[in-house]
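Working through the structure, step by step
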Amino acid sequence: TIDKVCTGGENAVSTPAYSSPAKSLGDPGITPLSPSHIAKDSDANDAVEQSFLVVVAIDFGTTSSGYAYSFTKEPECIHVMRRWEGGDPGVSNQKTPTTILLTPERKFHSFGYAARDFYHDLDPNESKHWLYFEKFKMKLHTTGNLTMETDLTAANGKKVKALEIFAYALQFFKEQALKELSDQTGSEFENSEVRWVITVPAIWKQPAKQFMRQAAYKAGMATPENPEQLIIALEPEAASIYCRKLRLHQMIDLSSKAPVNGYNASDTVGAGFTQAKEHVRRNRQSRTFLVENVIGEIWSELEEGDRYIVVDSGGGTVDLTVHQIRLPEGHLKELYKATGGPHGSVGVDYEFEKLLCKIFGEDFIEQFKIKRPAAWVDLMIAFESRKRAAAPDRTNPLNITLPFSFIDYYKKFRGHSVEHALRKSNVDFVKWSSQGMLRMSPDAMNALFKPTIDQIIQHLSDLFEKPEVTNVKFLFLVGGFAEAPLLQQAVQNAFGSKCRIIIPQDVGLTILKGAVLFGLDPAVIKVRRSPLTYGVGVLNRFVEGKHPPEKLLVKDGTRWCTDVFDKFISADQSVALGETVSRSYTPAKPSQFVIVINIYSSEQDNVSFITEPGVKKCGTLRLDLTGTDTLVPTRREIKTLMQFGDTEIKAMAIDVATSKSVKAGIDFLNY
């Protein structure tokens, strides 16, 4: 091994998260050759553009999921998937619940309504062996250290690898879509003819986005050798692309009328939308939407440089993105990195659960969920349809049917009746009705929405404070939760004076349709903000007084500072799609033949050392130059490139003298 001459740091007490690369690997490391510069790489985009017959987008939501597709030959027609059997009363929609059922042997059984109904019809003694999952997508957002090994917990408490569940779900959609395409075209449809688009929240961290891609590979949608077949799209971007195409009759402008009140089964989006009948060609099942190939009327009011906000409020998260128009083609530029948080409509369900705990006791609710999981699912379905009936000006109470087994089990558990519990609980706006229902006053229901809506309004207020967000013209409210009149009214009251608030008609399908448009033309989003700071670990010449003494490393008489974070790109910096950043390095020791370049990321802007808290290793480039000609220049130049833009990032190192190169994808899950 190389003789180490180190002062300081050797016997220091605190050991950094990564020991200095110079010490740990026994290799002298690399040192920057050039000041950093950004090289726009012309040859970055000459990858062969594959031609696909059809684009299929999957909106894999926290509470509900669906897919839509368009044939590349007629991109103006977007088809939303066939209707599913087993919809719920009071909830008519094109999407299916994001629920999945595995057999006791952990094999895939069913998805969506089918999974829910089958699970529900099982005998209670049998059902506890089956594995039922719902709302599991949130786990990817809430898990801090997501890996390929992360587990999900089924309703019966058993654990299964998250990757398997996600792959099963995506495989299910893949098979459904291919089947529908085969039926439509009258011939077997091959996976290779499809470009897949999967949408994820923009606020997800990189590991979660990579996790989705891995799950899709496992489901057989694409392969690591052919990654272009799958696009991971960001939900608010997809919504934004769709909103650009809107004509006035396809949306509702909240600024010009009162919020829509209530929903009924026959008319998904309430009375206010009926005058705005879609002038859209539809087939018999009314699943085809004609996207006129024009820039919508709202859009024609926007000028170069205008800004608008997309608020995507779904089941699990709310995502806020600020975009700016770049004319003439109307490309989008992201102005401010996506923000938001776990404030989706499931927050309302959680408040309902807290209310039940308050009335019946937390111990009972916990037991009931474990012992009667199917009845618990039933109760939440009953709540869901009442949740959709909540409106700001509602005066009559909302009734929620309690399943018989709830009433029965409560009596066994407590020795007194549900009615008694309600009487003695001091929750005054929830009453017991003789028909076996919980009667909630509108105020009680509105109170369940309040924490989630307050969080969304708070996030928006913070966003409006940012200098990049001044003079916003429009706010587009999209996503499933945007259908809630209470949320519409809150947003209108808070921000109606600042900008125009627009809700697309089929607000729950906005993302799905936008994702199809994105798959047909991925270049429409031109500039994104980098969510993280990226750099590589290097050695710099040690400067007394500037560098901390414990970082000093003396090698062959040269004094180096180790663990330096050499920055490629900062968090929140603009990156054009496909833009390449390049830096040149040289081995610290000329005779070195194996050059290892470690890539690190951090959420912080200003990072000096790779040992700082929050710095994570996310890639390694290993360039082996043994056996190359010995006539190398005295200062060997190693050029390192990082290509940004898509949700994926690629890295490459090239030895300039021999043009030997090595590539790597940035990996957030396996380090």
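Parameters and conventions
Residues numbered from 1 in each chain as written. Predicted model: local features only at pLDDT ≥ 70, side-chain atom pairs only at ≥ 80, totals over all residues. Heavy atoms only, no water. Helix = DSSP H or I, 4+ residues; strand = E, 2+ residues; numbered from the N terminus. Buried < 20%, exposed > 50% of the residue type's maximum accessible area, 1.4 Å probe, protein only. Areas by Shrake-Rupley, 256 points an atom, 1.4 Å probe, with all protein chains shown as cover. Pairing = 2+ DSSP bridges. Right-handed = clockwise from strand over helix to strand, strands pointing away. pLDDT = per-residue confidence, 0-100. Contact = heavy atoms within 4.5 Å. Core = buried A, V, L, I, M, F, W, Y, C linked by side-chain atoms within 4.5 Å. Axes fitted to C-alpha atoms, helices over the stretch in contact; angles between N-to-C directions. Salt bridge = Lys/Arg side-chain N within 4 Å of Asp/Glu carboxyl O. Parallel < 35°, antiparallel > 145°, perpendicular 65-115°, else oblique. Left-handed = near helix turned anticlockwise from the far one by under 90°. Nonpolar A, V, L, I, M, F, W, Y, C, P; charged D, E, K, R; others polar. Expected span 1.5 Å × (residues − 1). Phe/Tyr/Trp six-rings, centres within 6.5 Å; stacked < 30°, edge-to-face > 60°. Lys NZ or Arg CZ within 6 Å of the ring centre and 35° of its normal.

1. Some points on the overall build of the protein
Regarding its fold elements, the protein presents 16 helices and 34 strands. Counting only residues that meet the buried cut, the protein has 55% of its 671 residues in that class. A total of about 28600 Å² of accessible surface is found on the protein, and carbon and sulfur atoms cover 51% of it.

2. Considering unusual backbone geometry
One non-glycine residue, Arg106, adopts positive backbone phi at about 70 degrees. The topology assignment puts Arg106 in the loop between β7 (99–102) and β8 (108–111). Phi is positive for Asp563, which is not a glycine, with a value near 65 degrees. Position of Asp563 among the secondary structure elements: in strand β27 (residues 558–569). A relative accessible area of 2% means that Asp563 is categorised as buried.

3. Details of the pairing of strand β22 (residues 472–478)
Two faces make up the sheet, and in a regular strand the side chains alternate between them. The element β22 is extensively covered by neighbouring structure, given that six of its seven residues are classed as buried. Examined bridge by bridge, strand β16 (residues 307–313) and β22 share six bridges and lie parallel to one another. Pairing of Val311 across the sheet is with Leu477, part of β22. Bridge analysis of β22 against strand β23 (residues 500–504) gives three bridges, and the strand direction is parallel. Looking at β23, one finds that Phe476 is bridged to Ile502. Of the crossover connections in this fold, the one passing from β22 over helix α15 (residues 485–495) to the parallel β23 is right-handed.

4. A short note on the confidence of the model for the protein
Scored by pLDDT, the protein has a mean of 76; 77% of the residues are at 70 or more. Strand β1 (residues 5–6) is the least confidently modelled element of the protein, averaging 30 in pLDDT, while β8 averages 93, the highest of any element. Residue range residues 1–27 is modelled with pLDDT below 50. Its contacts to residues more than four positions away, or to other chains, number 38 contacts. Across residues 36–48, confidence stays below pLDDT 50; counting only partners more than four residues off in sequence or on other chains, it has 18 contacts.

5. Thoughts on the nonpolar core
Counting 138 residues, the largest nonpolar core has Phe133, Phe166, Ile309, Phe352, Phe360 and Leu475 as the members making the most contacts within it. Look past the residues within four positions of Leu475 in its chain and what remains in contact with it is Ile309, Val311, Leu460, Phe464, Val491, Cys499, Arg500, Ile501 and Ile502. Ranked by size, the runner-up nonpolar core spans 32 residues in total, among them Tyr534, Cys618, Met642 and Ala653.

6. Side note on the sheet that holds strand β21 (residues 437–440)
For sheets, the rule is that strands pair by backbone hydrogen bonds, running either parallel or antiparallel. Strand order in the open sheet formed by three strands is β19-β21-β20, and the pairing between neighbours is antiparallel. In this open sheet, the two strands that pair with only one neighbour each are β19 (398–401) and β20 (430–433). For this sheet the average axis-to-axis angle between neighbouring strands, irrespective of direction, equals 30 degrees. With four bridges connecting them, β19 and β21 associate as antiparallel partners. Across the sheet, the residue bridging to Thr401 is Met437, located in β21. Taken strand by strand, helix α9 (residues 346–360) contacts β19, β20 and β21, and its axis lies near 110 degrees from that of β21. Here helix α14 (residues 442–465) sits on the sheet in contact with β19, β20 and β21, set at roughly 85 degrees to β21.

7. Comments concerning the pattern of salt bridges
On inspection of all chains with the given rule, the structure shows 14 salt bridges. Of the charged contacts in the structure, one is a salt bridge between Lys387 and Asp349, with a shortest N-O distance of 2.8 Å. Here the residue Lys387 occupies a position in helix α11 (residues 373–387), and Asp349 occupies one in helix α9, the gap between them amounting to 38 residues. Each member of the pair Lys387 and Asp349 is classed as buried. A salt bridge links Lys387 to Glu384, with the shortest nitrogen-to-oxygen separation between them at 3.1 Å. Of this pair, Lys387 and Glu384 both sit in helix α11, three residues apart, roughly one helical turn. Connected through shared salt-bridge partners, Glu149, Asp151 and Lys161 make up one network.

8. Side note on the environment of Ser127
Mapping Ser127 onto the fold places it in helix α3 (residues 124–127). Between the alpha carbons of Ser127 and Thr103 there is a distance of 9.6 Å; along the sequence they are 24 residues apart. With sequence-adjacent residues up to four places away left out, Ser127 is seen in contact with Tyr119 and Leu122.

9. A few points about the side chain of His547
For His547, the position within the fold is in the loop between β25 (533–541) and β26 (552–555). On the basis of relative accessible area, His547 is assigned to the buried category, the value being 10%. Discounting residues that sit within four places of it in the chain, His547 has contacts with Asn540, Arg541, Phe542 and Cys561.

10. Considerations on the sheet that holds strand β34 (residues 660–665)
If you trace the five strands from one edge of the open sheet to the other, you get β2-β29-β32-β33-β34, paired in antiparallel fashion. Of all strands in the sheet, those bounded by a partner on one side alone are β2 (30–32) and β34. For this sheet, the mean angle separating the axes of adjacent strands, direction not counted, is 30 degrees. Across three bridges, the pairing between β2 and strand β29 (residues 580–587) is antiparallel.

11. What about the packing of helix α5 (residues 162–185) against helix α6 (residues 206–218)?
The geometry of α5 relative to α6 is characterised by a closest axis approach of 8 Å and an angle of 60 degrees between their N-to-C directions. Judged on the interaxial angle alone, α6 and α5 are oblique. The crossing of α5 and α6 is right-handed. Taking contact as the criterion, the partners of Ala162, Leu163, Glu164, Phe166, Ala167 and Leu170 in α5 are, on α6, Phe211, Met212, Gln214, Ala215, Ala216 and Lys218. Class assignment for the residues of the contact of α5 with α6 results in nine nonpolar, one polar and two charged.

12. Looking at α9
The α-helix advances 3.6 residues per turn, and as a result positions three or four apart in sequence lie on the same side. An ideal rise of 1.5 Å per residue puts 21 Å on 15 residues; α9 measures up with 21 Å between its terminal C-alpha atoms. With twelve of 15 residues buried, α9 is to be regarded as a mostly interior element. What α9 keeps buried is the set Val346, Gly347, Val348, Asp349, Glu351, Phe352, Glu353, Leu355, Leu356, Cys357, Ile359 and Phe360. Phi for Gly361, located one or two positions after α9, is positive at around 95 degrees.

13. Let's talk about the packing of aromatic side chains
Tallied over the full model, the rule gives 29 aromatic pairs. Aromatic side chains Phe166 and Phe211 sit 5.5 Å apart centroid to centroid with 85 degrees between the ring planes, which places their arrangement in the edge-to-face category. Of this pair, Phe166 sits in helix α5 while Phe211 sits in helix α6, and the two are 45 residues apart along the sequence. Each member of the pair Phe166 and Phe211 is classed as buried. Ring pairing ties together the aromatic residues Phe360, Phe364, Phe368, Phe406, Tyr409, Tyr410 and Phe413, which thus form one cluster. It is Lys498 that lies over the ring of Phe464; its NZ or CZ is 5.4 Å from the centre.

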